[in-house]
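Fold and geometry: a report
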Amino acid sequence: MLISKYCANFHDNECVALDEGEGCVCVQNISDHMMCNYFRNSVLPNDEALEKELTGSTSKERCVMCNKPFIKKSNRHRYCPECAKLRRSMKNAQYQYRHKNRVKK
């Protein structure tokens, strides 16, 4: 099983990250549809076929700006989340510059 082999938070069918002293069953063990962020980002890329099946894409998608792999949430994503914020602020700055310096007739 992928979880028991690769997940650092998995111990004795429990999730160590969610454990607050009373034990917490690992989400991936009881559901096929729920995934924690650690599992999605760190464990799932180890099995490309399963990742494609569960998320609809693979981590092989690369950011146009930094070339870092990331999981696309739609087919329109071109940038990783960090570069998407940077790109958005750059586009906003360009927009503000163009409209601030526009000559009124």
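Residues numbered from 1 in each chain as written. Predicted model: local features only at pLDDT ≥ 70, side-chain atom pairs only at ≥ 80, totals over all residues. Heavy atoms only, no water.

Thoughts on the overall build of the protein
Threshold: By definition, any uninterrupted DSSP run of H or I lasting at least four residues is a helix, any uninterrupted run of E lasting at least two residues is a strand, and each is numbered from the N terminus. What sets the accessible areas is the Shrake-Rupley method with a 1.4 Å probe; for residues, cover comes only from the shown protein chains.
Within the protein, the regular secondary structure consists of 5 helices and 2 strands. Its helices and strands in sequence order give the protein the pattern α-β-β-α-α-α-α, from N to C terminus. Here the protein displays about 8,400 Å² of accessible surface, and carbon together with sulfur accounts for 49% of that area.

Here we look at the layout of surface pockets
Quick note on the threshold: A pocket here means an open set of points on a 1 Å grid, computed over the protein atoms alone, that has protein on both sides within 12 Å along at least five of seven lines. A cavity is instead a set of points where a 1.4 Å probe fits but cannot get out; residues with an atom within 4 Å of a point line either one. Grid points are joined across faces, edges and corners, and a volume is the space filled by probe spheres set on the points.
Considering only enclosed or pocket space, the largest pocket measures out at about 340 Å³ in volume. Together, 16 residues line the largest pocket, and Phe 70, Ile 71, Tyr 79, Cys 80 and Pro 81 are the ones closest to its centre. Only helix H3 (37-43) and helix H5 (81-100) provide two or more residues apiece to the lining of the largest pocket. Take the lining of the largest pocket: its biggest share by element is 5 residues, from H5.

Let's talk about unusual backbone geometry
Spelled out, the test is: For the exposure calls, accessible area comes from a 1.4 Å probe over protein chains only, and a residue counts as buried if that area is under 20% of its type's maximum, exposed if over 50%, partly exposed in between.
You will see that Asn 67, though not glycine, has its phi angle at about 65°, which is positive. By secondary structure assignment, the location of Asn 67 is in the loop between helix H4 (48-55) and H5. Residue class for Asn 67 comes out partly exposed when judged on its relative accessible area of 48%.

Observations regarding the pattern of salt bridges
The condition that has to hold: The term salt bridge refers to a pairing of a side-chain nitrogen on Lys or Arg with a carboxyl oxygen on Asp or Glu at a separation within 4 Å.
This structure, assessed with the given rule, holds 1 salt bridge. Two residues, Glu 82 and Lys 68, come together in a salt bridge whose shortest N-O distance is 2.9 Å. With Glu 82 in helix H5 and Lys 68 in the loop between H4 and H5, the pair connects residues that are 14 residues apart, well separated along the chain. We classify Glu 82 as partly exposed; its relative accessible area is 49%.

So, a nonpolar patch on the surface
Operational definition: Residues form patches when they are more than 30% accessible in relative terms and have no salt bridge. Like charges link within 9 Å. Nonpolar side chains (Val, Leu, Ile, Met, Phe, Trp, Tyr) link within 5 Å.
Together, Met 65, Leu 86 and Met 90 give the surface a local cluster of nonpolar side chains, amounting to about 250 Å² of exposed area. Note that Leu 86 resides in helix H5. A residue is classified by how much of its surface remains accessible, and Leu 86, at 43% relative accessible area, is partly exposed.

Quick word on the confidence of the model for the protein
Inclusion rule: Every residue gets a pLDDT, meaning the predictor's confidence in that residue, from 0 to 100.
Taken as a whole, the protein shows an average pLDDT of 76; of its residues, 72% reach a score of 70 or greater. Mean pLDDT in the protein bottoms out at helix H1 (residues 2-6), which sits at 67, and peaks at H5, which reaches 92.

Topic: the nonpolar core
What counts is decided by this rule: The term nonpolar core refers to a set of buried residues drawn from Ala, Val, Leu, Ile, Met, Phe, Trp, Tyr and Cys, joined through side-chain atoms within 4.5 Å.
Counting residues in hydrophobic clusters, the biggest one holds 7 residues: Cys 7, Phe 10, Cys 15, Cys 26, Phe 39, Val 43 and Leu 44. Counting residues in each nonpolar core, the second largest holds 6 residues, with Cys 63, Phe 70, Cys 80 and Cys 83 among its members.

Points about the state of the cysteines
Test applied: When two cysteine sulfur atoms are found within 2.5 Å, that pair is recorded as a disulfide.
Tallying each qualifying case throughout the model produces 0 disulfides. Looking at Cys 66, it has no disulfide partner, and the nearest cysteine sulfur is the one in Cys 83, 3.7 Å off.

Side note on the environment of Cys 83
To keep it simple, the criterion reads: Pairs of residues are marked as contacts when any of their non-hydrogen atoms sit within 4.5 Å.
With respect to the helices and strands, the residue Cys 83 is situated in helix H5. Taking the C-alpha atoms as reference points, Cys 83 and Lys 68, 15 residues apart in sequence, are found 9.8 Å from one another. What Cys 83 contacts, discounting residues up to four positions off in sequence, is Cys 63, Met 65 and Cys 66.

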